[in-house]
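# An overview of the molecular structure
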Amino acid sequence: MKKLFVLFLILILGVIIYFSAKDAVGYLKTVNFTLPKMTNEYVVKRVVDGDTIELSDGQKVRYIGINTPETVDPRKPVECYGREASDENKKLVEGKTVRLEKDVSDKDIYDRLLRFVYIDNIFINDLLVREGFANVATYPPDVKYAGQFSESEKYARENKLGLWKTCPLTKSLESGTK
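Okay, the confidence of the model for the chain next. Per-residue pLDDT for the chain has a mean of 85; in total, 75% of the residues score no lower than 70. The low-confidence segment residues 31-37 (pLDDT under 50) makes one contact with residues lying over four places distant or belonging to another chain. The model gives residues 170-178 a pLDDT under 50, and that stretch makes 24 contacts with residues more than four places away or in other chains.

What follows is the structure in C-alpha cells.
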C-alpha cells in the first residue's frame, strides 16, 4: 500500500512538472530574446574629400593608412588630383552602407574616427591607393595593412595610374601629412 501511495505521488508530481514545463515553454515562445544587431555597418551621408567621409549619424571617418591630395583645407589650394580622388571616393561610398574596421587608435586629433573602410568585400582604402587616387600615409600604431598599402602604391606608381601619371609629387604627398 505504501508503494502504491509513493507511486501515485510520483505520478502526480510528474503531471504537475509536465504541465508546468509546458506552460513555461509556451511563455518562453512569446518572449522576444532577439538581441539588437551589433554591427559595424554604417550609411555614408557624404564624402568630405578623398580620404574622409561623414556617416549618417554625423560622425566623421578618416581612412587609415592613406592620404589623398587636399581639396577642402582652407589654408591650401586644391592639390593636383584632389578633385579626382574626392570624386572617386564619392562614386565608391556616398549613400552606401560601409563596414568599418578599427586598428589601434580610435580617433585622430580632429575627433574623426580612424578606420579601414569596406563595401562588401572591396577594401576602399587599398583600392584608392592601388588605382592612384591616394598614396600611403602610415602612422604607428595603426599599421595593420601598411605592407599591403605599400604594394598597392608600388603597383600604381609602376603603372603610372592616377596621380602618379598626372601630378608632380607635392610635399604633402611625399610626407603623407595633412
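Picking up where we left off.
Below, the discussion takes up the pattern of salt bridges. Overall, the coordinates contain ten salt bridges when judged by the stated rule. Here aspartate 51 makes a salt bridge to arginine 62, at a shortest N to O gap of 3.6 Å. One end of the pair, aspartate 51, is in the loop between strand S1 (41-49) and strand S2 (52-55); the other, arginine 62, is in strand S3 (residues 60-63), and eleven residues separate them in sequence. Note that aspartate 108 and arginine 112 form a salt bridge whose closest N and O atoms lie 2.7 Å from each other. Neither aspartate 108 nor arginine 112 differs from the other in exposure class; each is buried. In the salt-bridge network here, residues are joined through shared partners; they are Lys45, Arg46 and Glu54.

The subject of this paragraph is the environment of threonine 52. Within the secondary structure, threonine 52 is located in strand S2. The exposure class of threonine 52 is buried, given its relative accessible area of 2%. Taking the C-alpha atoms as reference, threonine 52 lies 8.9 Å from serine 86; in sequence the two are 34 residues apart. If sequence neighbours within four positions are ignored, threonine 52 has contacts with Val47, Val61, Arg62, Asn89 and Arg112.

Cut-offs applied
- Residues numbered from 1 in each chain as written.
- Predicted model: local features only at pLDDT ≥ 70, side-chain atom pairs only at ≥ 80, totals over all residues.
- Heavy atoms only, no water.
- pLDDT = per-residue confidence, 0-100.
- Contact = heavy atoms within 4.5 Å.
- Salt bridge = Lys/Arg side-chain N within 4 Å of Asp/Glu carboxyl O.
- Helix = DSSP H or I, 4+ residues; strand = E, 2+ residues; numbered from the N terminus.
- Buried < 20%, exposed > 50% of the residue type's maximum accessible area, 1.4 Å probe, protein only.

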